[in-house]
Amino acid sequence: MSGLELLSDQGFRLDGRRPRELRKIECKMGVFQQANGSAYIEQGNTKALATVYGPHEVTGNRSKIEHDKVLINCQYSMATFSTGERRSRSTGDRKSQEMQLHLKKTFEAAILTQLYPRSQIDIYVQILQADGGNYSACVNAATLAIIDAGIPMKDFVCASTAGFVSDTPIADISYLEESQGGPELVVALLPKSDQIVEFQVNSRLHLDNFEKVLDMAIKGCKDVHAVLTRVVKDHVGQLASKMSKT
Amino acid sequence: MASTQLSDGEKTFIIHGVLDNLRNDGRTCENYRQIEVECGVVSNTSGSSRLRLSNTEVLVGIKAEMGQPKPQSPKTGFLEFFVDFSANASPEFEGRGGNDLSEDMSTRFAEVFQTNNILDFESLCIIPGQCCWVLYIDIVLLECGGNLLDAMSLAVKAALANTRIPKVTVLRDSEGGEDIEVSDDPDGYHTLEISKVPLFVTLSKIGQKHVVDATLEEEACCSASLVVSVNSSGDFTGMVKKGSSSLSNDSIHDMLVTAKKVGIQLHKGLDTLLSEVGQSTAGRGFLVG
Amino acid sequence: MPVDKKRITGPEVTQSPLYFLEDSSGISQLVNKDGTRKDGRGENDIRPIFMKAGVVSQAQGSAYIEIANTKVICAVYGPRQVLRREDFSMTGILKCEFKFATFSCPFRRKFQPDVEEKEFALIIEQALSPAVCLHKFPKSQVDINIRVLENDGSALAASIICSSVALTDAAVEMYDIVTACTLRITPEHMLMDPSYTEETNSINCESNGVVTMGFLPSINQTSSLLQRGHLSCDKVLKALQICTEGCQRIYPLIHECIRRSVKSKYRPAEQDKEKSEEDQNPSKG
């Protein structure tokens, strides 16, 4: 591996975290009024914004209508200034399209799609600043936005990543750790039922270590879940107190 | 533009309100909505700002990169504008939905920032004819609540105030080759002089009168508007008529006089705000409030 | 716009030799000491205008205009059915395509419309739409194609005039004819109908600017307005006044051109006579 030592002898990572520690998560629900649901999340320096419109009538191509379930439409974009080097476009490149597809599949598995036949739900996520774990930030933000929009889901969808450095699994890897070329596991989980809805491995990982890293990723998801639940409860609490006042 | 559908009755209500100098949200015809501005919200940019004008929300990130100067002006740096109509603002902007509007608005900005005294473009030059700073000004529209151009220009001015351009030194070796060294001192940057940066003031003709800072509903009642860019001393640096209907010369006269007055006030207001937050590098972003 | 794929392309990066000219520009040089302009006109003079309607046989309506060396041709197709079904509208739609011919300006233009051309297209669309009775043809659109063959200043104004003549030639119902006028403002002077050098020379300096105005003379309304450069409020107001006067001076010329074209269309017997007359004395401004 190149010059950078991702894990020091004392067991600390480059940004001072311990291997199993997540980055600080801060989020806010209901940031916009016009959308049906919206949320903003910061995971360390990764910042993502999600808005949800719907369920509404299917727009555009009518052949896309599904008769037994809702059509989920995702758009993933990255602000042109979100990465270190300026991007020439915010959406429509291959990576974004792939991400879009992954997000769509993830939420098709979690939303109770059979409740809204012949309708459409739009999920738009935008990365404002990218520092690793874009997919997981998007999923977590979108989950909050969907909850904000009041669309029924089987469970929260919580996503997290894990890497593997010098025989130690590390949770929630940052851009620096991502770009060193080690293995990366991306997991989206329904925490209550322990069901994995999306799973990706990038680069090579020995089967013997696989379980350890997966456990770390799943633990990460559950930690995220704890944070998200608290945020949702706070948000709903605030709404309730506002309503009781009026 | 995000769609709002109004019935004739609702439109008449708005038009009559404007005639009495009282608008739906209690403002008079020449008032802006509340403006919140914050700088330094995206840490990997040279300068950034987030601006909220009631329901309209705009995020601007400026990246300073090195590039080749344009052949027609080898001794100056230049600006590149890009407006991104994010689908977050409205489902209509999904895919290529916002492209036409975005192109239109980027052109407007580019045109207005052409006048050579707006920024010190010469200070952006590193080696004449070979290397200069290119400021990529990217505007992301996050929520669309009317009066987009004005909000964007306010955000652009705030982001320019926040922009730090690293100091560079040009080293010349004995063979006449040139090498650029960027200062690695965190305080080794210079800021931009923004006192001449203009702001857009959009005047929308509603019924017999005109209003500034129209909401989405008011924009739906408006058939012609005038976009004027005003600098802090009240001079105009560009103007264009929008919309499909015509205006009488008297109303254009009134609109321009209003634009000058409102523009000066707007600059003053923003400058006071910026003197507090302009240099900040740790914006709290969306987590506030 | 279709791109000619068979064309042998030039080198990828080239620069016009004009960039290497010594910068001899100066604002004072636009006007001579005796108050005349470089081409001998006074401040308020419009260059000679020649207009002709019905120059493209394939189109419903067309027009050609020359303002000294500025040459614009415009063809109007329609009203015809809107191609994209989704765009249902109770009123008609104007669609404008504006292009500088690649060779029309001192600097070569690209084949693909650039941002300025797209903006001009939008401005022309908006300049014409108050004048056209759009409610008369719901669900249909009128296409206006404008090509600037040579740009010697005031190209936008010439295009607006040309397209409004072409619209009348296509017998699209209108409330009024749109005239247009450009004014160049320098710290000391206001130059009507500027030439290319006058229009572009040191335009980015303080207290310099260009105002282009589209005007409906018989209902006294302004249908388009574009200002570039840095000007004070009073200067702009003054400029608008002068532009209005300019527009009103151009109006009778347009009238005359349309009258002649209608005459020749509906009284073909007189056509030959008209034609010889026209060749002898083109309308001068």
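About the thresholds
- Residues numbered from 1 in each chain as written.
- Chains lettered and ligands numbered in written order.
- Predicted model: local features only at pLDDT ≥ 70, side-chain atom pairs only at ≥ 80, totals over all residues.
- pLDDT = per-residue confidence, 0-100.
- Helix = DSSP H or I, 4+ residues; strand = E, 2+ residues; numbered from the N terminus.
- Contact = placed C-beta atoms within 7 Å.
- Nonpolar A, V, L, I, M, F, W, Y, C, P; charged D, E, K, R; others polar.
- Buried ≥ 20, exposed ≤ 12 C-beta atoms within 10 Å, placed from the backbone.
- Pairing = 2+ DSSP bridges.
- Core = buried A, V, L, I, M, F, W, Y, C linked by C-beta atoms within 7 Å.
- Axes fitted to C-alpha atoms, helices over the stretch in contact; angles between N-to-C directions.

## Here we look at the confidence of the model for chain A
Line of reasoning, step 1. The pLDDT averaged across chain A works out to 91; a share of 99% of its residues lies at or above 70.
Line of reasoning, step 2. Mean pLDDT values for the elements of chain A range from 90 in helix 3 (residues 175–178) of chain A up to 95 in helix 2 (residues 134–149) of chain A.

## A word on the interface of chain B and chain A
Line of reasoning, step 1. Listed per partner, the contact involves 25 residues of chain B and 26 residues of chain A.
Line of reasoning, step 2. Every element with two or more residues in the side of chain B that touches chain A is listed here: strand 3 (56–67), strand 4 (78–85) and strand 6 (131–143) of chain B.
Line of reasoning, step 3. The residue makeup of the side of chain B that touches chain A, split by class, is ten nonpolar, nine polar and six charged.

## Concerning the pairing of strand 4 of chain B
All names here are of chain B.
Line of reasoning, step 1. Summarising burial for strand 4: six of the eight residues are buried, a large majority.
Line of reasoning, step 2. For strand 4 and strand 6, the ladder comprises eight bridges, and the chain directions are parallel. Considered in strand 6, the bridge of Phe85 is made with Leu141.

## Let's talk about the nonpolar core
Line of reasoning, step 1. The biggest cluster of nonpolar side chains holds 223 residues, and the ones touching the most others in it are Ala50(A), Ile123(A), Cys138(A), Ala141(A), Ala142(A), Ile139(B) and Ala155(B).
Line of reasoning, step 2. When near neighbours in sequence (up to four residues on either side) are disregarded, Cys138(A) contacts Ala48(A), Ala50(A), Tyr76(A), Leu103(A) and Val125(A).

## Some remarks on the interface of chain B and chain C
By convention, interface size is frequently given as the accessible area that disappears when the constituent parts associate.
Line of reasoning, step 1. Listed as interface residues are 32 residues of chain B and, on the opposing side, 31 residues of chain C.
Line of reasoning, step 2. Secondary-structure elements contributing two or more residues to the side of chain B that touches chain C are helix 2 (99–112), strand 14 (236–243), strand 15 (247–248) and helix 5 (249–277) of chain B.
Line of reasoning, step 3. For the side of chain B that touches chain C, the leading source of residues is strand 14 of chain B, giving eight residues.
Line of reasoning, step 4. In this sheet, strand 9 (residues 221–231) of chain C lies alongside strand 15 of chain B in antiparallel orientation, the contact comprising two bridges. Within strand 9 of chain C, the residue paired with Leu247(B) across the bridge is Thr222(C).

## Side note on the arrangement of the chains
Line of reasoning, step 1. Counting contacts across all two pairs of chains that touch, the top pair turns out to be chains B and C.
Line of reasoning, step 2. Left apart from each other, chain A and chain C have a closest C-alpha approach of 9 Å.

## Some words on the sheet that holds strand 1 (residues 25–29) of chain A
Residue and element names in this part refer to chain A.
Line of reasoning, step 1. Across the sheet, which stays open at both edges, the five strands sit in the order 1-2-3-5-4 with mixed pairing between neighbours. Each edge of the sheet is formed by a strand with only one pairing partner; in this case those strands are strand 1 and strand 4 (71–78). Taken pair by pair, the neighbouring strands of this sheet meet at an average axis angle of 15 degrees, ignoring direction.
Line of reasoning, step 2. For strand 1 and strand 2 (residues 37–43), the ladder comprises five bridges, and the chain directions are antiparallel. In the sheet register, Glu26 faces strand 2, and the bridge partner there is Glu42.
Line of reasoning, step 3. The strands that helix 1 (residues 94–110) touches are strand 4 and strand 5 (119–129); relative to strand 4, the one it contacts most, it runs at about 140 degrees.
Line of reasoning, step 4. Here helix 2 sits on the sheet and contacts strand 1, strand 2, strand 3 (46–57), strand 4 and strand 5; the angle it forms with strand 2, its principal contact strand, is near 150 degrees.

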